[in-house]
Amino acid sequence: ATLSNISIELPVPNHDEVQIKNFIGGNWYDPISNNYIDNINPSTDTLICKIPDSGPQDVDFATSAAKAAFPAWSSLPPKTRASYMHKLADLLDKNNETFAQFETMDQGKTLNFARNVDISRSAYNFRYFADYIEANLSEFAASSSYPTAMIGSDGNPIMSEALSYTKRSAVGVAGLISPWNLPLYLLTWKIAPCVAAGNTCVCKPSEFTSVTAMMLTRLIKQAGIPDGVINIVFGLGQSTGNSIVTHKDIPLISFTGGTVTGKAIASAAAPMFKHLSLELGGKNPGLVFADCDLDLAIATSVKSSFQNQGEICLTASRLYVERPIFDTFVARLKEATRKTVIVGDPTNPNTFYGPLVSKQHYNKVVSYIKLAQESGYDVEFCVDQAVSPHVSEIGESGQLVIKGLEKGYFVAPTVITGCPQDSRVVQEEIFGPVVVVLPFDTEEQAIELANGNQYGLAATVWSGDQRRLRRVAGQILSGTVWCNCWMVRNLDMPFGGFKASGVGTEGGKYSIDFFSKKQAIVLG
Ligand code: NAD
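Per an unreviewed UniProt entry, the chain carries the name Aldehyde dehydrogenase family 8 member A1 and comes from Smittium mucronatum. Heading Sequence similarities (unreviewed entry) of the UniProt record for the chain holds this comment: "Belongs to the aldehyde dehydrogenase family."

So, in structure tokens, the structure goes:
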């Protein structure tokens with residue numbers, strides 16, 4: 001399948017546009033190098049399109065456009081900026097189906113997930129931050145009066161009245177860099193607060209999933225958003241991404257991606273004193289106590305382990321289960337997975353998850369499964385060919401062959417037990433459909449095991465005891481703790497990682513805070 005196979009209306013690239021172009025200052029440009037990178041459909045291992053291999057000059061061009069657009073955009077009343085964002089949200093909703101089809105083709109996620117999560121949430125991101133900025137106008141012009149302490153010429157403190165107020169304003173050009181697992185959703189989660197607060201931006205989606213970002217450029221134009229406010233430059237992390245991170249005219253960087261990349265970005269940006277928001281990896285624990293609602297815990301654990309191919313930074317990929325129910329839990333989790341997790345064509349409405357995003361990621365996930373097998377852990381592929389008749393072969397390390405999609409990067413839902421806490425499969429982020437399950441004996445031990453990892457992004461706790469939930473949740477070192485639920489998001493809440501899972505906080509006022517500079521002005 002190629003872009004031209006799908007019946008499309010604007011905003012999708014037309015048939016000639018199998019080469020995506022950079023979007024700079026409201027126009028579309030080839031990269032200066034004229035080099036392109038292949039973008040592959042993970043279901044079929046065939047070319048979808050080519051994306052620009054942009055370099056420092058393209059980023060510089062985009063930054064100049066963003067800089068030129070900044071004074072006018074940042075001076076607009078927030079209400080006017082919000083109205084543009086509402087238009088963009090409406091256009092995204094109108095084009096949900098087309099965007100979802102391309103997100104599925106590009107990323108491998110199911111069409112159902114793309115429609116109902118990725119694309120609809122992308123529209124909602126714009127609407128949410130548009131409403132936020134309208135409703136919080138006063139914060140941007142707040143003033144207050146209080147006494148100020150000063151030391152008099154006699155050395156004694158004197159009290160003096162002054163009017164102090166906080167002037168919040170946009171910072172300038174932001175660099176926004178996003179990963180491949182929730183392509184448009186995570187990119188718009190950055191663009192929306194950035195432009196709502198009056199900044200302009202240079203964005204770079206992942207080189208593995210650039211198509212919907214390019215489609216968004218069409219809608220940006222249709223919504224009438226002034227040229228240069230949102231610029232999108234495509235390419236690789238080491239070149240395009242690094243050029244954004246180190247550009248002298250980009251004072252703030254918002255990045256979502258892996259912890260290793262986050263380290264590289266932090267060390268490149270720190271000497272330039274840039275403002276950084278880093279949303280990084282996770283290896284999220286789920287604690288299952290014997291007094292929980294086991295049916296709900298199992299049904300949700302199937303989703304928190306395998307939804308979106310396990311390619312969600314918030315997956316509960318390390319489950320710790322209280323010993324009296326350990327065997328039952330593992331047996332029931334495997335059984336529920338076999339019955340419900342149908343792996344295959346992501347466009348089929350019955351499919352639970354599709355292929356992994358890329359050949360390279362597929363190899364990485366399979367290598368972890370091999371490692372677990374070689375280490376002698378108990379590795380089970382939870383596929384029942386009676387339920388999933390289109391699975392024609394299950395490879396030795398969980399590689400699945402799907403009828404009609406023989407070249408796709410499919411991996412079986414995999415449950416690993418019998419592995420020690422310090423093993424690599426328990427400690428490292430696999431980011432695929434692989435869950436490890438270990439027993440625990442006491443509440444203290446459960447907390448210790450949950451915290452015994454470099455990451456601290458999210459956790460889940462399952463228990464029927466409300467006091468225990470609060471007690472345990474408060475001791476887990478992670479930015480979000482879900483109790484008797486998973487992935488329930490309130491966008492006003494702080495979202496961010498502890499420890500190696502990141503620096504900074506996103507969500508509602510936290511995002512707006514990051515994207516604005518706060519100046520104290522004191523009138524004596
Ligand atoms: P990645 O770090 O490889 O890439 C993320 C983005 O950074 C891509 O656009 C990439 O091109 C770019 N990049 C790579 N090297 C760069 C460099 N040196 N300078 C600037 N940019 C660079 O991550 P990925 O593989 O695309 O995504 C998976 C990771 O993202 C997982 O670790 C996952 O947990 C994490 N993630 C975190 C969150 C969160 O909210 N904390 C959300 C989603 C994904």
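Right, picking up where we left off after that structure.
1. Thoughts on the overall build of the chain
In terms of helices and strands, the chain carries 15 helices and 25 strands. By the compact-globule yardstick of 24 Å for 524 residues, the chain fits well, its C-alpha radius of gyration being 24 Å. Across its three principal directions, the C-alpha atoms of the chain cover 80 × 65 × 40 Å. When contacts within the chain are restricted to residue pairs at least 6 apart in sequence, long-range pairs at least 24 apart make up 72% of them.

2. Digging into the site of the ligand
By nearness alone, 31 residues border the ligand, and Pro-179, Gly-237, Gly-241, Gly-257 and Thr-261 come closest of all. Elements that contribute at least two residues to the shell around the ligand include exactly α7 (237-245) and α8 (259-269). The element that contributes the greatest number of residues to the shell around the ligand is α7, accounting for 5 residues. Within the shell around the ligand, the residues separate by chemical class into 12 nonpolar, 15 polar and 4 charged.

3. Things to note about the nonpolar core
Soluble, globular proteins show a tendency: their nonpolar side chains are buried together. Counting 157 residues, the largest nonpolar core has Met-85, Leu-88, Ala-196, Cys-201, Val-202 and Val-288 as its most contacted members. Broken down by element, this core gets its largest block of residues, 12 residues, from helix α4 (residues 111-135). The contacts of Met-85, once residues within four sequence positions are left out, are Phe-126, Phe-129, Ala-130, Ala-192, Val-195 and Ala-196.

4. Observations regarding helix α5 (residues 183-196)
Counted at 1.5 Å a residue, the expected span for α5 with its 14 residues is 20 Å, and the 20 Å between its end C-alpha atoms agrees. By the criterion of burial, α5 is predominantly enclosed, with 14 of the 14 residues buried.

5. As for the sheet that holds strand β22 (residues 480-483)
The strands making up a sheet associate through hydrogen bonds between their backbones, and the pairing can be parallel or antiparallel. Spatially, 7 strands are ordered β14-β18-β19-β13-β12-β21-β22 in an open sheet, and the strand pairing comes out mixed. Only two strands of the sheet have a single partner each, and these edge strands are β14 (378-381) and β22. On average, each strand axis in the sheet is inclined to that of its neighbour by 20 degrees, with strand direction left out of account. Direction of pairing for β14 relative to strand β18 (residues 414-417): antiparallel, over a ladder of 4 bridges. What sits directly across from Glu-380, in β18, is Val-415. Lying on the sheet, helix α9 (residues 294-306) is in contact with β12 (285-288), β13 (318-322), β19 (434-440) and β21 (458-462); it crosses β12 at an angle near 170 degrees.

6. Comments concerning α7
Among the residues making up α7, those that are buried are Gly-237, Thr-240, Gly-241, Ser-243, Ile-244 and Val-245. In the core, the buried residues of α7 are packed alongside α1 (56-75), β7 (173-177), β8 (200-204), β10 (252-256) and α8.

7. A short note on the pairing of β22
Relative to β22, β21 is paired through 4 bridges, and the arrangement is parallel. Each bridged residue has a counterpart across the sheet, and for Ala-458 the counterpart in β22 is Thr-480. Read from β21 through helix α14 (residues 466-475) to β22, the crossover connection turns out right-handed.

8. Some thoughts on the UniProt feature "active site" (unreviewed entry) in the chain
Sequence positions flagged by UniProt for "active site" (unreviewed entry) are, in local numbering, Glu-279. Tracing the chain through its elements places Glu-279 in strand β11 (residues 275-279). The contacts of Glu-279, once residues within four sequence positions are left out, are Thr-256, Gly-496, Gly-497, Gly-502 and Glu-506.

9. Re the sheet that holds strand β15 (residues 391-394)
The 3 strands lie next to each other as β15-β16-β17, forming an open sheet whose pairing is antiparallel. Either end of the sheet is taken by a strand with one partner, and the two such strands are β15 and β17 (405-411). Averaged over all neighbouring strand pairs, the angle between strand axes comes to 30 degrees, with direction disregarded. By the bridge criterion, 3 bridges tie strand β16 (residues 399-402) to β17 in an arrangement that is antiparallel. Counterpart to Ile-402 in the pairing with β17 is Leu-405. On the sheet, helix α11 (residues 359-374) packs against β16 and β17 and is oriented at approximately 50 degrees with respect to β17.

10. A few points about the packing of α5 against helix α6 (residues 211-222)
The axes of two packed helices give the description: the angle between them and the distance between them. The interhelical angle for the contact between α5 and α6, taken along N-to-C directions, is 55 degrees, at an axis separation of 8 Å. It follows that α5 is oblique to α6 by the angle criterion. Classified by chirality, the crossing of α6 by α5 is right-handed. Across from Pro-183, Leu-184 and Leu-187 in α5, the residues of α6 making contact are Thr-212, Ala-213 and Leu-216. The residue inventory of the contact of α5 with α6, partitioned by class, reads 5 nonpolar, 1 polar and no charged.

Cut-offs and rules
- Residues numbered from 1 in each chain as written.
- Predicted model: local features only at pLDDT ≥ 70, side-chain atom pairs only at ≥ 80, totals over all residues.
- UniProt positions renumbered as here; feature names shortened; annotations may be inferred.
- Helix = DSSP H or I, 4+ residues; strand = E, 2+ residues; numbered from the N terminus.
- Rg over C-alpha atoms; globule rule 2.2 N^0.38 Å.
- Contact = placed C-beta atoms within 7 Å.
- Near = placed C-beta within 6 Å.
- Nonpolar A, V, L, I, M, F, W, Y, C, P; charged D, E, K, R; others polar.
- Core = buried A, V, L, I, M, F, W, Y, C linked by C-beta atoms within 7 Å.
- Buried ≥ 20, exposed ≤ 12 C-beta atoms within 10 Å, placed from the backbone.
- Expected span 1.5 Å × (residues − 1).
- Pairing = 2+ DSSP bridges.
- Axes fitted to C-alpha atoms, helices over the stretch in contact; angles between N-to-C directions.
- Right-handed = clockwise from strand over helix to strand, strands pointing away.
- Parallel < 35°, antiparallel > 145°, perpendicular 65-115°, else oblique.
- Left-handed = near helix turned anticlockwise from the far one by under 90°.

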